[in-house]
Amino acid sequence: MKVVTWILRIASIITFSLMAFMVYSILDPNDIWHWNAPYTFVVTVFRLLSLIVFFLATTMVGGLAGAFAAGALPDNLVIGLYNTLVLRTWYMQPYGVSDPLTNIQQVWASFFTNLNDVLIALWNNTFLFLYFLCAGVGIALFLQSLARMDHKFVGGAFISIQAIVILAAYRALIVPNIDPLPPDFLQFLTTQGQILALVSFAYLEVSYQMIYSHSVGKPVEDREETLKKQLLALRQATRKQDAIERGEKVSSTGMSRSTGATAFSFLREAMERKVMGGQSALESLDAVSDVRRLQIYVDDLLQSDSRARDELTAKAAAPSSSYVIGSTITGSAIRFLTVVALSFILISPNVVQMLLNLPIGIRDSVELIQPEIVMLFLVPVVLLFPFSAAVISWMSKREVVEGEKLTKEEKEEAKARKKNLARKRREAEKARKARAKERKKRKGDETGVDEWDKALEDAYKG
Amino acid sequence: MITQRGFVVVFAGVLLLTSGFSFLNFYLVLLGVYCVIGLVVTLPLFALTANLAGIEVDRQIDKVKLFSGDFLRVRVTVRNASRRHFDFIEVHDQYPETWILAIGENFIASRIEPGSSMTFSYILQARMRGRYFLGPTEVIMRDRLGMHYYKRILKEHTEVLVYPTWKDVRRLESFAKQRQLGLMFGAHRTKTVGMGTDFAGFREYVPGDEFRLIDWKTSAKRGDMVVKQWEQEKNVQMICMVDTSGSMGNGYPENTKLEYAIRAAVLLTHMGMERNDLVGTCVFSDIVHGYVPPGKRPNHMYDVLEILAMAEPKGWSDYETAISHVVTQTKKRSLIIWMTDLEESPAPLLNAMKTLVANGHKALIISPFGPWFEAPVGQFGPVEKVLSEAVSEELWERRNKIARALSRFGINVINVGPEDFLPTIMRTYEQAKQRGVAMF
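Residues numbered from 1 in each chain as written. Chains lettered and ligands numbered in written order. Predicted model: local features only at pLDDT ≥ 70, side-chain atom pairs only at ≥ 80, totals over all residues.

## Focus on the overall build of chain A
Selection criterion: The helix count covers DSSP runs of H or I at least four residues long, the strand count covers runs of E at least two residues long, and both are numbered beginning at the N terminus. Three exposure classes are used. Buried residues have 20 or more other C-beta atoms within 10 Å of their own C-beta, exposed residues have 12 or fewer, and partly exposed residues fall in between, all C-beta atoms being placed from the backbone. For every residue pair, C-beta atoms are placed from the backbone, and the pair is scored as a contact if these atoms sit within 7 Å.
Of the regular secondary structure elements, chain A holds 17 helices and zero strands. Across the 462 residues that make up chain A, the buried fraction comes to 26%. The contacts of chain A with a sequence gap of at least 6 include a subset with a gap of at least 24, amounting to 69%.

Encoded structure:
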C-alpha cells in the first residue's frame, strides 16, 4: 500500500502545484505579486503605530503640562519625544518631515492627512499581504497534508489557495471567470476558469484518495510496528528484572519513552505500580510478576500457535494494492465525469431554458445570466441525492444498533437465574416473618429472660 | 451520515458559491457547485453498497473462566458475507473498562472483499473478579473519500467469569518452595490419641486397658505395667461466611472490605484442601447467594471460586437467614468464620450466633474495620479529619460492645485492616488446627 500512497502523493503534489501556478499566472496581470508586499505591510503597520504612539505621548505630555506648567507645552520635550520615539526607534518618518524635527507645528499641520494616507496605504497593503499570507498558509497546509495525511490540511490548503481568488474578486481584479458561459459543452470544458476549477477539484479528489490509501494500509502496518515495540519492551523489562534479581548492575534502558513504555500501556502501568505505587514490597512484586507472566504467556502463545503472530498483527487484513489502484482510477474518473456533466447542466442558462421552456420575457431577462440562477436547480438536485440515499437505507432496513442475540439455552439460563433469585428472596422473607412471629410469641411469655438478650442488654447498658 | 471531512467540503462549497454570487464570478460558482455535487453525488451508491448487514463478526476466547490478573487472548474474525466490496471498514471490539489491554490492539481498519474475512487478536488482562462481557463490536463503514459513514453496533457478547485473584496462593506457595520442605513442614497437626498408626508415647496401665496394648519390653525395663499409645491425625471442618452487604463494598476500588474477605476465603479454602481439612463457603447478604458445603471433591475449589466471583456488594446482612441455611445443611460440628463488618443491627447477629452455638458449632468473627479501608486521615482537611475521627470512635465503641456481648459465649471478634486481614485468617486456621476445634 505504501507504493500506492506514494503514487497518489506525487499526483497530489502535481495537482496542487498546477492549481497554485494557475492561480498565480491568472492573477499576475493585476501586478499583485510584489515580493516585498509582506515587508511593506509590516512597515505600514509600524508607521501607523508610530503615529498613534506619538499622538498618545504628546496628548499625555500636554495633559501633564496642563496640570503642572499652566498649559504651556515645552516644544523641546515634544521634539525630543518625536526624535526618540519615532526616528530612533523605528527609523521612519511618515509625516513628511525628512530631517530631525525642530518644529512641532510641522507635524500637527499635516497630522490628519498623514493619518489618512497611512490608513489607505495600510488598506492596500493589507490585500497584497493577504495574497501572500493565503499562499503561504496554503503551501504550509499542503506540506502538512503530505506528511500527516489528514483531511483537514487538504481542505485547508484548497480553501487557502481559493481564498486568493476570492480576495482578488472582492478587489475587482482580473480573476478567473467563465463569463459569458459557453453554450457548448466542449467549449465549456476548455475555458481557462473551467480548467482551473477541474485542477482544483482534482487536487481535492487525489488528496482524499491518497489519505484513503494511507489510512486503509497504515493501521495494519502500525499494528505490526506496535506489536514489535511491545514485545521488545516486554523482553527488555523481563531481562532487566532477571538481572536485578541476579544482583547485576543494570544500566538504564536504551529504549526511549516514546518507543518503549509509552507505546505499551500495560508495561507502563506495571512500571508505575512498581515505582510510584503504594511503595509496598508486595505491590512491586505483583508488578514484576505481572510482566513476567505476560512474557511467559506470550512466549507460550507464539510457540503453540503458529498463526498467533499474524493474528496479533492482523497481517492478513492488509488490502491488495492492485485493487486499490484500479478502483481509485475508475472511481475518480466516474466521479469526475458525473460532477462535470451535472455542473454544466446546473450552471448553463441554455440547459435551464431548454428544461423549463420559459416564456420569451423571462428567457431574455437579465436574471437568467446571473450566477444566482444556479440555485434554481442546485438545491433540489443536491437534496435529491441524500433523499434517495435515505430511501435506499430505509428500504434495506439496516439496524444501527442490533438487539442482543441470545441462544435458547442462554435465555433459559438467565430466566432460571432470575427465578432462583426471586425464590430465594421469597423464602428469606418468609423465614424472617416466621422468626419475628416466634419472637413476638415468646415476648408475651415472660417466664424467663433469654441469656443472649441479657448479654445484649448488658453490653449496651455498659 | 456526513463525516467531519464531508463538512469541510460543504463549507468550502458554500464559501465559494456565496463568493461567486457576491462578486458575480462564475468560476467561484462553478467550483462551489463542484464541491457540493462532489460531496453528494456518490451518496445513493454508497447507501446501496454499504449494507453493513453483510458483515459478520465472530469473537473467540481461549477460556471463559480465568483468575483475576490472568491474560486472555481474544480473536475477532470479521467476515464479509455479502457480494459487495467494503472500501473502508473499522471494527472496534469493546472490552470491560477495568481490564487492561496488554498486547495488540482491539480495533482494525481495512478494506474487505466479498466472501473474505480478516482476523485480528489482542491480549487482555482481567483485573477484577466478577462476571464480565466482551463486546459489543462497533462496525463503521466509510466511503473511499471518507465523507460519509454508516455505523452498526453488534451486540455480540461473550461472557467471561473472572475468579478472585490467585496471587495470595501463589505467594504462599512460593514461600513454601523457598523452605524446600514444603508447605506442611512444621505446621501443627491436630492429633487424637488412641487408635492410629503413629506412635504417641507410653502411659501407665489402668485397669480396663486391653492387654494387647501393653508394651511388655518397656514394662520389663520400668518394672511397671506400661501401655503403648498411638495417635492419628484428625482434620477440622470450617465454613467461611462471607458477608456481601453494601457496606462491605466500601474502600478503594480493588481493596474493599469485600475483596479482602474474598481473598481470605480463597486462601483458607486452599490451605484447608492442602491439608485435607474440609472448608465450606457461604456468600450471603439479605439472602444466601451461594453455599458450597465443606468437601474434598476435585472441583470443590472451583465451586468456591465461582460463588465468590459472582459476589457483589449490595443489600444488607441477614445473619439469621444465612446461618439457618448453613445449619440445616451442615450436620457435623464446624468452626464458622464470619467475615463481616458488623455494620448491621447487633440483635440479628446475636440471634444468629445463638442458633449456631445451639447447634454445636464454634464461631469466630473476623471483622474488617471500615475506617481502616477508606482514605487515610492524612488526606483530609481539618473538618473532615475531626468528623472522621468522631465517626471512627463511635464505630469502634459500637463493635467493642458487640465483641463484649459475644465473648460471653466464647465467640471472639478480631478487628482487621487491609494489612492484617490475610495473616489473621492464616493464624486463625493454624490455631484452629492446633486446638483441634471442630474435628471430624
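Anyway, onward from the coordinates.
## Structural notes on the overall build of chain B
In plain terms, the rule: With the radius of gyration taken over C-alpha atoms, the globule rule is written as 2.2 Å times the number of residues to the power 0.38.
Scanning chain B for helices and strands turns up twelve helices and 22 strands. Against the globule reference of 22 Å for 440 residues, chain B gives a C-alpha radius of gyration of 34 Å, more extended than a compact globule. Considered along the principal axes of its C-alpha atoms, chain B spans approximately 135 × 55 × 40 Å. Taken over 440 residues, chain B has a buried fraction of 42%. When contacts within chain B are restricted to residue pairs at least 6 apart in sequence, long-range pairs at least 24 apart make up 73% of them.

## Thoughts on the interface of chain B and chain A
This is how it is decided: Under the scheme applied here, ten amino acids are nonpolar (Ala, Val, Leu, Ile, Met, Phe, Trp, Tyr, Cys and Pro), four are charged (Asp, Glu, Lys and Arg), and all others, including Gly, are polar.
Counting residues at the interface gives 79 residues for chain B and 89 residues for chain A. If one sorts the elements of the side of chain B that touches chain A by residue count, helix α2 (residues 26-40) of chain B sits on top with twelve residues. Counted by class, the side of chain B that touches chain A contains 45 nonpolar, 16 polar and 18 charged residues.

## Things to note about the sheet that holds strand β8 (residues 130-134) of chain B
Whether parallel or antiparallel, the strands of a sheet pair through hydrogen bonds between backbone atoms. Residues and elements named next belong to chain B. The line we're drawing: Following DSSP output, two strands are said to pair if at least two bridges run between them. Axis lines are fitted through C-alpha atoms, for helices just across the contact stretch, and the angle between N-to-C directions can take any value from 0 to 180 degrees.
With mixed pairing, the three strands of this open sheet are ordered in space as β2-β11-β8. Of all the strands in the sheet, the pair left with one neighbour each is β2 (65-67) and β8. Shown here is a sheet whose adjacent strand axes are inclined to one another by a mean of 35°, direction ignored. One ladder, built from three bridges, connects β2 with strand β11 (residues 158-163); its direction is parallel. Counted as the bridge partner of K65 is L161 from β11. Sitting on the sheet, helix α7 (residues 300-309) touches β8 and β11, and the angle it makes with β11 is about 110°.

## A few points about the nonpolar core
Heads up, the rule is: In this description, a nonpolar core means buried residues of the types Ala, Val, Leu, Ile, Met, Phe, Trp, Tyr and Cys, linked to one another by C-beta atoms lying within 7 Å.
If you look at the biggest cluster of nonpolar residues, it comprises 175 residues, and the most contacted ones within it are M241 and V242 of chain B. It is helix α8 (residues 192-245) of chain A that provides the largest number of residues to this core, a total of 16 residues. Once residues within four sequence positions are removed from consideration, M241 of chain B is found in contact with C282, F284, A322, I336, I337, W338 and M339 of chain B.

## A word on the domain arrangement of chain B
Residues and elements named next belong to chain B. Just so we agree on the cut-off: For every domain, the bounds stem from an assignment made automatically or drawn from a database.
Domain assignment breaks chain B into domain 1 (4-41), domain 2 (51-163), domain 3 (167-171 + 180-184 + 235-435) and domain 4 (191-233). Of note, the centres of domain 2 and domain 3, computed from C-alpha atoms alone, are 40 Å apart. When contributions to the side of domain 2 that touches domain 3 are tallied by element, the ones reaching two or more residues are β8 and β11. Here the element with the most residues in the side of domain 2 that touches domain 3 is β11; it accounts for three residues. Split by residue class, the side of domain 2 that touches domain 3 holds four nonpolar, two polar and two charged.

## What to know about the sheet that holds strand β18 (residues 278-284) of chain B
Residue and element names in this part refer to chain B. In space, the six strands of this open sheet follow the order β19-β18-β15-β20-β21-β22, with mixed pairing throughout. Unpaired on one side and paired on the other, β19 (288-295) and β22 (412-416) mark the two borders of the sheet. Between one strand axis and the next, the sheet turns by 15° as a mean value, whatever way the strands run. Note: strand β20 (residues 335-339) against strand β21 (residues 362-368), five bridges, orientation parallel. Counterpart to W338 in the pairing with β21 is I365. Its contacts with the sheet place α7 against β15 (237-243), β18 and β19, and it is angled at close to 165° to β19.

## Considerations on the pairing of strand β9 (residues 137-142) of chain B
Remark: a regular strand shows side chains that alternate across the two faces of the sheet. Residues and elements named next belong to chain B. Pairing geometry for strand β4 (residues 86-93) and β9, over six bridges, is antiparallel. By the bridge assignment for β9, I89 is matched with M141. Taken together, the six bridges between β9 and strand β10 (residues 149-154) define a ladder with antiparallel strand orientation. Looking at β10, one finds that M141 is bridged to Y150. As consecutive antiparallel partners, β9 and β10 are separated by six residues, and within that stretch G146 has a phi angle of approximately 70°, a positive value.

## A short note on the confidence of the model for chain B
Which entries qualify depends on this criterion: Scored between 0 and 100, pLDDT is the confidence that the predictor attaches to each residue.
With 92% of its residues at a pLDDT of 70 or more, chain B has an overall mean of 85. Predicted as a complex, the structure gets a pTM of 0.70 and an ipTM equal to 0.75.

## Here we look at unusual backbone geometry
All names here are of chain B. The omega torsion of the bond from G135 to P136 falls at 5°, within 30 degrees of zero and hence cis. Secondary-structure assignment places P136 in the loop between β8 and β9. With phi around 50°, L24 is a residue other than glycine that occupies positive phi space. Along the chain, L24 falls in the loop between α1 (4-23) and α2.

## Some thoughts on the packing of helix α6 (residues 257-274) of chain B against α7 of chain B
All names here are of chain B. The condition is simple: Orientation labels follow simple angle bins: below 35 degrees gives roughly parallel, above 145 gives roughly antiparallel, 65 to 115 gives roughly perpendicular, and whatever is left gives oblique.
Orientation of α6 relative to α7, taken along the N-to-C sense of each, is 175°, at an axis distance of 11 Å. One element, α6, and the other, α7, form an angle in the roughly antiparallel class. Residues I262, A265, V266, T269, H270 and M273 of α6 form the contact with α7, whose own contacting residues are H300, M301, V304, L305 and L308. Here the contact of α6 with α7 is built from residues that sort into eight nonpolar, three polar and no charged.

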